[in-house]
Amino acid sequence: MKNILKIFAVVAILSVVSVQSVWAGNDERRGTAGASELLINPWARSNGWGGVNYANIRGVESMFSNVAGLAFVKNIEVAYTNTILYGGKSGLSSGASINTFGLGVRVFEAGVLGVYVSAISFGELEVTTFDSPEPGTNGTFAPSYMNINVAYAHSFTNTIHGGVVFKLATESTDNVSGSGFAIDAGIQYVTGENDELKFGISLKNWGPSMKFGGTGHSLTMTNHAGNTFTVETRAAEMELPTCLNIGVSYDFLFEKWEQRITVAGSFTSNAFLRDNFSLGLEYGLLNILQLRAGYVFQSGLLTGDVATANSGICAGASVDVPLSKKEDSNIGLTIDYSYRTASPLKGTHAIGASFRF
């Protein structure tokens, strides 16, 4: 009973903050938040149906969507995903990609500790300046974005699971850098005779503002008298892209060939973007093959007036390969692939693998 009261207390806190997020969010604030890369899902499996699985996500990749799912790691899980953003070099001038590595370890009977690092590469970009605006004459530079996340998830009962993520986001070039700290929190509730009905809620990127600094904010000038002096500009602070996610899923189970059809839906309230509605469907066969598809909707999508590129249709597949003949063994390898449309840009491809032992 005591643990259940704790969970309801967390829900109450999330509800209060969510009200602030809903009333704060409007289309006029689009683009005013910092560290917007915190909203990009770097994992292949959940991207296959638009990240709709806030209620039923499991394992290491849940640290991005809903950390409560980390509590389902049985022993140790290692995961890696490479994401080619918006067509890579064929879609952008230099190509952008995300490399993500994650680790989850059960440290207590009911607790799991996790960590994942996500690095975004933009390739080499050409330098242009006020005095020399023509590209190709000033060399190149390589921006670097990195997110470092440490998480803990706990199973309070067989049906209630929760967790928290502490994250550090850094963005830098050779002369300007910025960093921000944020916290994620999430809970999941599982019910039904075969745990077929699931609910989930997560609050992401709640934290103080961030701002940039460095020598790139200074400008050396010469006055009419020939004296040289340096002017430094002050960077404005930027709030982090806070959002609230609510999801539900239901499993239709069939004994023949151990088939499963999961229907999932979610709602995302963004403080600095338009709200999203997502629907997804996943088919499982023999606990080996999973096929999934989803649709992410936001206002303006049908008319081409979108606020974010990653919306619309998405699809993916996973293959689970057991590496032990024991029926109760958790040792296995999973290969995941996903594709997301990104109008008006080219689509985003992601491929990943996870190893459980």
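Residues numbered from 1 in each chain as written. Predicted model: local features only at pLDDT ≥ 70, side-chain atom pairs only at ≥ 80, totals over all residues. Heavy atoms only, no water.

(A) Quick peek at the pairing of strand β17 (residues 312–322). Direction of pairing for strand β16 (residues 289–297) relative to β17: antiparallel, over a ladder of eight bridges. Its bridge partner lying in β17, glutamine 290 is registered against serine 318. (Pairing = 2+ DSSP bridges. Helix = DSSP H or I, 4+ residues; strand = E, 2+ residues; numbered from the N terminus.)

(B) Highlighting the pattern of salt bridges. For the structure shown, the criterion picks out seven salt bridges. Among the ionic pairs, aspartate 320 bridges to arginine 45, the shortest N-O distance being 3.4 Å. Linking aspartate 320 in strand β17 with arginine 45 in helix α2 (residues 44–47), this pair joins segments that are 275 residues apart in sequence. The class of aspartate 320 is buried, set by a relative accessible area of 13%. With its nearest N and O atoms 2.8 Å apart, the salt bridge here joins aspartate 184 to lysine 167. A residue pair is termed long-range when its members are at least 10 positions apart, and aspartate 184 in strand β8 (residues 177–191) and lysine 167 in strand β7 (residues 160–172) qualify at 17 residues. Each member of the pair aspartate 184 and lysine 167 is classed as buried. A cluster of three or more residues bridged by salt bridges with shared partners is formed by Arg45, Asp320 and Asp336. (Salt bridge = Lys/Arg side-chain N within 4 Å of Asp/Glu carboxyl O. Buried < 20%, exposed > 50% of the residue type's maximum accessible area, 1.4 Å probe, protein only.)

(C) Highlighting the environment of alanine 350. Relative to the helices and strands, alanine 350 resides in strand β19 (residues 345–356). Taking C-alpha positions, alanine 350 is 8.6 Å from arginine 45, a pair spaced 305 residues apart along the chain. Once residues lying within four places of it in the same chain are set aside, the contact partners of alanine 350 are Ala44, Thr81, Asn82, Thr83, Asp336, Tyr337 and Ser338. (Contact = heavy atoms within 4.5 Å.)

(D) Up close: the confidence of the model for the protein chain. Across the protein chain, the average pLDDT comes to 85, with 87% of residues at or above 70. The low-confidence segment residues 1–25 (pLDDT under 50) makes 20 contacts with residues lying over four places distant or belonging to another chain. (pLDDT = per-residue confidence, 0-100.)

(E) A look at the packing of aromatic side chains. Applying the stated criterion across every chain, the model contains eight aromatic pairs. Plain terms: the ring middles of phenylalanine 108 and tyrosine 152 are 6.4 Å apart, the flat faces sit at 75° to each other, and that makes the pair edge-to-face. Of this pair, phenylalanine 108 sits in the loop between β2 (96–106) and β3 (111–121) while tyrosine 152 sits in strand β6 (residues 144–155), and the two are 44 residues apart along the sequence. A relative accessible area of 53% places phenylalanine 108 in the exposed class. Tyrosine 152 sits in the partly exposed class, given a relative accessible area of 27%. Geometry around phenylalanine 72 places arginine 58 over its ring, the cationic atom sitting 3.6 Å from the centre. Of note, lysine 256 hangs over the ring of tryptophan 257, and the distance from its end group to the ring centre comes to 4.6 Å. (Phe/Tyr/Trp six-rings, centres within 6.5 Å; stacked < 30°, edge-to-face > 60°. Lys NZ or Arg CZ within 6 Å of the ring centre and 35° of its normal.)

(F) Molecular detail of unusual backbone geometry. Positioned with a positive phi, aspartate 195 is a non-glycine residue whose angle comes to about 55°. The residue aspartate 195 is located in the loop between β8 and β9 (197–206) in this model. Its relative accessible area of 39% is what places aspartate 195 among the partly exposed residues. At leucine 286, a residue that is not glycine, the phi angle is positive and equals roughly 60°. Assignment of secondary structure puts leucine 286 in the loop between β15 (276–285) and β16.

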